[in-house]
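# Fold and geometry: a report
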Amino acid sequence: MISQIFILSSKGDHLIYKDFRGEASKDSINVFYEMVTALSGDQPPVVMTHKDLHFIHIRQGGLYLVASTKTNPSPFTIIEFLNRLAALTKDYCGSLSEKSVRMNFALIYELLDEMVDFGYIQTTSTDMLKNFIQTEAVTSKPFSLFDLSNVGLFGAETQQSKVAPSVAASRPIMSSRGEQGGKNEIFVDVIERLSVVMGSKGVLMKADIQGEIRIKCFLPSCSEMRIGLNEELNIGKSQLKGYSSAVCVDECRFHQAVNLDEFDTFRILKVCPSQGEQTVMQYQLCDELPCPPPFQLFPSVEKDYVNRVLIFLKLRCDLPPKSTALNVSVTVPVPKGAISMSQELSSPDQTAELQPKNKALLWEIPRFPGGAQLSALFKVDVPGLSSASLLEVGPVSMSFELPKQTCTGLQIRFLRLSPTQTGLSQRWVRYVTHSDSYTIH
Amino acid sequence: MPYFGSEETVKELKRALSNPNVQADRLRYKNYITRVIRYMTQGLDVSSLFMDMVKASATVDIVQKKLVYLYMCTYASDKPDLALLAINTLRKDCADPNPMVRGLALRNMCNFRMPGISEYIEQPIVAGLRDKASYVRRVAVMGCAKMQSLQPNIEIDPSIVNELYALLRDPDPVVVVNCLRALEEILKDEGGVVINKPIAHHLLNRMKDLDSWGQSEVLTFLLRYRPRSDDELFDILSLLDAFLQSAHAHVAVATLRLFLHLAATHPAVQADALQHTSSPLLTMCGSISRELRFAGLCHVQQVMRSQPGLFAPHYKRFFCAYSEPSYIKFRKMEILVELVNDENVTLVLEELRSYCTDVSPELAQVAIAAIGRIARTYSEKCLNILTGLLALKQEHITSAVIQTFRDLVWFCPQSTAAVCQTVEACVDCTQDSEAKQALLWLLGEHGERISSAPYVLEVYIDGLKTELSSSVKMELLTAAVKMFLCRPAETQDMLGRLLHHCIEEESDMCVRDRALLYHRLLQRGVEQTRKVVMGPKSDPSMSVLTGHQQEPVSQWVSNFNTLGPLSAQDLCFQTPLIALPEQPSNNAEEELLPVSKDVSPFIPTDDQEELNLYLGPPLSHEAFERTWLDLEVQHRETLSYTRPRITPDALQAALQLAKIQTLAFTPGDTLPWKAYLYTRGNRTLILAELLWEDPDIEGSLVVTVKQQPPNQHALRGFVSTLSSVLQTLDIDS
């Protein structure tokens, strides 16, 4: 059972504090903050103990969400509960940040009051909670040029407005009573996280994809929704793969509310989404990549003068020509003691900088169209360079985002709400692939 | 944190809250109340506003009510007399037609932590238990537990207990789970809620209606239930089978724990359950939430203690992502070391090799140590990698490699030749004292195989004045003496200089003493010195050859799905193979002591020789039983202690410290409680039984001792050791 729950900002300000059992002193917040800031990077911070009080915490959105307990509970329960608390806060306040928590603290107290009683978790489902939550969320709307750009010339609707802006889903679920009342939207997101390790000659050493289908529902009440996935979807490694264009995943897992009656034959998920965000399906694929890896790197490293290393990188994006990778960043470790760097990049929107603290250089490419090839030359000055120092260059790691793209090829064929649904509702399907870890040796 | 000028702020709030103009304006009033709560959260003492807040509780606005209740619950214990004023409003709300208002009022009234509240809340709670709204029943059930905790010494009301047991059949799932929780708290002194067969099966049948939190909680309560027959057991297991694959990590893990617990006598079923849960566990290890990932990894480590092969095919899942924090990377490396096999060793080593050049020196060192541990099985491949790393000439890498070499030579002597060849290369760039010690140990121990060894030592001896670390100096002394024994001609002169410096000029007492010891030892002659100084050159227990022991599931299952595996202290329990054998270098003193006792003729072997208990080779259960039955009782005594009230693991560890091995004991609180122990001492084997039958009589622990061959002196020593251990435990608990 949970003794206390508190939320701290990264600077240690108390944002939320609720004591459920009165068995631990209020001072424990400060004790926790001292302990967590005193830890060195390699000590596991998740569970910490002070006298007979255990602190379990998660970090999200720059906040510490902490539960303290005097018993020895299941760590999974507490961690998942804290994750759920973070997700609900995000649902109700639009986003999870120090600012949103500060502005909505009354709402979060209300949530906590219903979620936990005397240290025992009561309920965390949005369907139940929405009956009890009375406070309206407060959001700050920063002025943004982006809003203006959506209005076309002479106020006409342009092609652009067919695409939901990326911030559209980050608003509180409850605000629909207010001025935004007309927006009955459902977002279905297919999100994949890719982790790849490539050998020096482009050999794939490890490839994992973790994917999930997430629904974010703003409808106050929603009848059954049918989500059709690719008909040719193989689950499990054992099945024979012919030359068909079948999509394969190793295993998948569903939210307990998903009705799988039609899944085996038609690959249709039936679900009654409740308000807020929920993960309907999780799947993963290990050790193989159905598409070519999105990036190939051709590096060459040589010693120039006495104290200079030349790093020449050629990076090719193997996505289909229509797609684009965004926010590509490449991190290359450089020899210890590197002091300065000069670079030759192929276009002005790219940037590169040397980070002596991390012993690395960072090359950033905001947009990278499919099929393109970019190259860059870095000259790094390293006083006291030895031939052994060249071995310190590498492995290269990359991070990027592939919008409108799934690596497994999993697609949503259709999204149908049952006909009884009243009121106009907008349905959005979005795909994105994030790099979890992309390393090239 | 208290704010500067906080008194002013409180005064201002007080003025505003009592201002009739503000009270009339609903929005402004609520705004001020919100500010009070905000200051309360920040740690400001706003308890002096209690009166004004009580007034604010009489409102129809539910949000305002909730805020005021939150305030009142926080300060009720400081201002009990004022809080009583609010009780009336709350009791009135408990009869409100709106179930939400009823529940809210009841819950908050029960949350007032002040003496004397129970007489006011008892009646609303009892009414709440029979409320037709499930929301109110949930609150009322928890209220029973709160009432009990407010006055822990008062007699338990049997009618409430009965009512709660009856409510286990409530149609609302949350009420059912809350009943379990409340009963558990109320009946804490009697061992918690009773799970008999009808209740267990009722709960099992309700599992599907519960939400995931309820499921994992009920699964934990079911740990207490023992099925009567195998048929019943398998019925239960098949009912729960689906939950092993639950999408919620906490449910899957709780189910696994229950499986392992119920099927304790069916190892095949346990293995099957572990196999089934491996995929949810792996999913947790790749979860977005890094905290969940960490918890998953820690539990994978637990499972691997019994089934090291289970995760071997999935080794790639434990490769580190570069964005992960180091505490996760460390765990992953520990797992990688454990699951290496012939198929994956090449790729695992390649992966670990790439971590060795990581930006973080700690990470690099851990990776090198991990390769060193794999080297105990796959020496050649690993030695190539380690030697390659030396070429980088990075200080922290070289340091870690040398330390790894030292451990490797100690654990697997067959790699000595290869290590001796490469060790000369890293002599120049050893800077930190840990690395120096390791290098000196290698030089001293295997000086005859390293041709340049004396010259390296000479460099160190010449630089002695600038050396700061005393442990390096002590290691240098030991190395020089050992070197002198195998290569006297080259070393004699420098050893003389070293001893002279350490005895005459050294200010550190430990170093001086060590030097004096060697000086006197050498005076007694080379042979004597050799006997004392030359210990075993490799791990005498040959832990590498005996291989990794697969532990039975029962070793760790009691800890499974608790905080235990996640906290740092547990780490040393998990890697006993690495932690247990003494590190060769740092314990020169200990190397000396046992041998010197045998050699030195000065200590007369007394008739009343001292009793040294030792464990010796482990005794199997069968062997113990046979010997026990064969032997006569040598001694029986009733000790004035109760049964140690600590966990079995702690008892075992405590006895082990006194060199007494625990063979078996009755689990939990079952009576009669028994424990079987054995130990060896003065050439005799001692077997003992601890028996504790009657909990009512204080100090009725009966110890029965059998011995082979009989030795009264050893027996007396054993009983006194045992009683001192029990005494310590008695005080501790």
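Residues numbered from 1 in each chain as written. Chains lettered and ligands numbered in written order. Predicted model: local features only at pLDDT ≥ 70, side-chain atom pairs only at ≥ 80, totals over all residues. Heavy atoms only, no water.

### Let's talk about the overall build of chain A
Rule in force here: Strands here are runs of E lasting at least two residues and helices are runs of H or I lasting at least four, both read from the DSSP assignment and numbered beginning at the N terminus. Only protein chains enter the accessibility calculation, which uses a 1.4 Å probe. A residue is then buried if its area is under 20% of the maximum for its type, exposed if over 50%, and partly exposed in between. Here a residue-residue contact requires only that any non-hydrogen atoms of the pair lie within 4.5 Å. Computed with a 1.4 Å probe, the accessible areas rest on the Shrake-Rupley method; for each residue, only the protein chains presented here act as cover.
Counting its regular elements, chain A contains seven helices and 25 strands. A burial count over chain A gives 54% of its 441 residues as buried. Of all intrachain contacts in chain A linking residues separated by at least 6 positions in sequence, the fraction that spans at least 24 positions is 69%. Counting only carbon and sulfur atoms, one obtains 54% of the accessible surface of chain A, whose full area is about 19,000 Å².

### Re the packing of helix 25 (residues 453-462) of chain B against helix 27 (residues 488-504) of chain B
All names here are of chain B. How we decide: Angles shown run from 0 to 180 degrees and are taken between the N-to-C directions of axes, each axis being a line fitted to C-alpha atoms and, for helices, limited to the stretch in contact. Should an angle fall under 35 degrees it is taken as roughly parallel, and over 145 as roughly antiparallel, whereas 65 to 115 is taken as roughly perpendicular and any remaining angle as oblique. Here a crossing is taken to be left-handed if its near helix is turned anticlockwise relative to the far helix by less than a right angle, and right-handed if that turn runs clockwise.
Closest axis-to-axis distance for the helix 25/helix 27 pair is 10 Å, and the angle between their directions is 20°. Of the possible angle classes, the one that applies to helix 25 and helix 27 is roughly parallel. Every pair of crossing elements has a handedness; the one defined by helix 25 and helix 27 is left-handed. Listed contacts from helix 27 to Pro454, Tyr455, Leu457, Glu458, Ile461 and Asp462 of helix 25 are Glu490, Met494, Arg497 and Leu498.

### Some thoughts on the packing of helix 14 (residues 230-240) of chain B against helix 15 (residues 249-262) of chain B
Residue and element names in this part refer to chain B. Cut-off, in case you're wondering: The residue classification treats Ala, Val, Leu, Ile, Met, Phe, Trp, Tyr, Cys and Pro as nonpolar and Asp, Glu, Lys and Arg as charged. All others, Gly included, are polar.
Relative orientation of the contacting elements helix 14 and helix 15 amounts to 165°, with a least axis distance of 11 Å. Compared by their axis directions, helix 14 and helix 15 come out roughly antiparallel. Of the two elements, helix 14 crosses helix 15, and the hand of that crossing is left-handed. On helix 15, the residues that touch Leu233, Ile236, Leu237 and Leu240 of helix 14 are Thr255, Leu258, Phe259 and Leu262. Taken together, the residues of the contact of helix 14 with helix 15 sort by class into seven nonpolar, one polar and no charged.

### Structural notes on the pattern of salt bridges
Side chains bearing opposite charge may pair, as long as their charged atoms lie close to each other. Under the convention used in this document: We define a salt bridge as a side-chain nitrogen of Lys or Arg found within 4 Å of a carboxyl oxygen belonging to Asp or Glu.
All chains considered together, the criterion is met by 46 salt bridges over all chains. The salt bridge partner of Arg107 of chain B is Glu114 of chain A, with a shortest N-O separation of 3.2 Å. In this pair, Arg107 of chain B is assigned in helix 7 (residues 99-111) and Glu114 of chain A in helix 4 (residues 105-115), connecting two distinct chains. The same class applies to Arg107 of chain B as to Glu114 of chain A, namely buried. Residue Glu262 of chain A is joined to Lys270 of chain A by a salt bridge in which the shortest nitrogen-to-oxygen separation is 3.4 Å. With respect to class, Glu262 of chain A is no different from Lys270 of chain A; both count as buried. Through salt bridges with shared partners, a single network forms among Lys18, Glu110, Asp113 and Glu114 of chain A together with Lys66 and Arg107 of chain B.

### Thoughts on the environment of Gln426 of chain A
Residue and element names in this part refer to chain A. Here Gln426 lies in strand 25 (residues 426-440). On the accessibility criterion, Gln426 (36% relative accessible area) is partly exposed. Put simply, Gln426 and Ile186 are 240 residues apart on the chain and 6.3 Å apart in space, counted from C-alpha to C-alpha. Sequence-distant contacts of Gln426, defined by excluding residues within four places in its chain, comprise Asn184, Glu185 and Ile186.

### Remarks on helix 6 (residues 80-93) of chain B
We apply this condition: An expected span of 1.5 Å times one less than the residue number is assigned to each helix.
Taking 1.5 Å of rise per residue, 14 residues should cover 20 Å, and helix 6 of chain B covers 20 Å from first to last C-alpha, within 8% of that figure. For helix 6 of chain B, every residue scored as buried is listed here: Ala83, Ala86, Ile87, Thr89, Leu90 and Asp93 of chain B.

### Topic: the packing of aromatic side chains
The criterion, for reference: Note on aromatic contacts: the rings of Phe and Tyr and the six-membered ring of Trp form a pair at centre separations within 6.5 Å, being stacked when their planes are under 30 degrees apart, edge-to-face when over 60 apart, and tilted otherwise.
This model, assessed by the stated rule, comprises 21 aromatic pairs over all chains. A centroid spacing of 4.3 Å and a plane angle of 20° characterise the contact between Phe132 of chain A and Tyr135 of chain B, whose relative ring orientation is stacked. Here the residue Phe132 of chain A occupies a position in the loop between helix 5 (126-129) and helix 6 (145-150), and Tyr135 of chain B occupies one in helix 9 (residues 134-150), the pair thus bridging two chains. Grouping residues by exposure puts Phe132 of chain A and Tyr135 of chain B together as buried. When the centroid spacing of 5.9 Å and the interplanar angle of 70° are considered together, the rings of Trp363 of chain A and Phe378 of chain A count as edge-to-face.

### Observations concerning the interface of chain B and chain A
Convention followed: What gets called buried area is simply the loss in accessible area from a 1.4 Å probe that two parts show on being joined, summed for both.
In this complex, chain B contributes 80 residues to the contact, which on the side of chain A involves 86 residues. Together, the buried faces of chain B and chain A total about 7,100 Å²; carbon and sulfur atoms form 57% of this surface. It is Trp213, Tyr322 and Leu563 of chain B in chain B that bury the most area against chain A; as a group they hold 11% of the surface buried on that side. At the boundary of chain B with chain A, the tally comes to seven salt bridges.

### Structural notes on unusual backbone geometry
Glycine aside, the phi torsion of most residues is negative, and most peptide linkages are trans. Residues and elements named next belong to chain A. Notably, Lys51 is not glycine yet its phi reads approximately 50°, a positive angle. Tracing the backbone through its elements, the reader meets Lys51 in the loop between strand 3 (47-50) and strand 4 (53-60). The class of Lys51 is exposed, set by a relative accessible area of 73%. With phi around 50°, Asn327 is a residue other than glycine that occupies positive phi space. Here Asn327 shows up in strand 18 (residues 324-333). Accessibility expressed as a relative area gives 48% for Asn327, which makes it partly exposed.

### Side note on the confidence of the model for chain A
Residues and elements named next belong to chain A. Selection criterion: For every residue, the predictor assigns a confidence score, pLDDT, that lies between 0 and 100.
When the pLDDT values of chain A are averaged, the result is 80; 86% of them are 70 or greater. Counting interchain partners and residues more than four positions distant, the pLDDT-below-50 stretch residues 143-165 has 11 contacts. Low pLDDT, under 50, characterises residues 176-182; the stretch is placed with seven contacts to residues that sit more than four places away or in other chains.

### Brief notes about the sheet that holds strand 24 (residues 412-417) of chain A
Residues and elements named next belong to chain A. Note the threshold: Each pair of strands is called paired provided DSSP finds at least two bridges between the two strands.
Here three strands make up an open sheet; going across it, the order is 14-10-24 and the pairing antiparallel. Strands at the two margins of the open sheet, each flanked by one partner only, are strand 14 (268-271) and strand 24. On average, adjacent strands in this sheet sit at an angle of 15° to one another, irrespective of strand direction. Summarising the sheet, strand 10 (residues 225-229) and strand 24 pair through five bridges and their orientation is antiparallel. Bridged to Gly228 within strand 24 is Phe414.

### Side note on the domain arrangement of chain A
Residue and element names in this part refer to chain A. Counted only if it meets this: Residue ranges for the domains trace back to a domain assignment, done automatically or taken from a database.
Segmentation of chain A into domains returns domain 1 (4-130), domain 2 (185-291 + 411-440) and domain 3 (295-403). The gap between the C-alpha centroids of domain 2 and domain 3 is 34 Å. Between domain 2 and domain 3, the residue contacts involve 11 residues of the former and 12 residues of the latter. At the boundary of domain 2 with domain 3, total buried surface from both sides reaches about 1,000 Å², with 55% on carbon and sulfur atoms. The largest per-residue losses of area from domain 2 upon contact with domain 3 belong to Ser435, Tyr438 and Ile440, which jointly make up 53% of the total buried on that side. For the pair domain 2 and domain 3, the number of links is zero salt bridges. Looking at the side of domain 2 that touches domain 3, the elements that each hand over two or more residues are strand 8 (185-198) and strand 25. At eight residues, strand 25 tops the list of elements feeding residues into the side of domain 2 that touches domain 3. Its residues placed into classes, the side of domain 2 that touches domain 3 shows six nonpolar, five polar and no charged.

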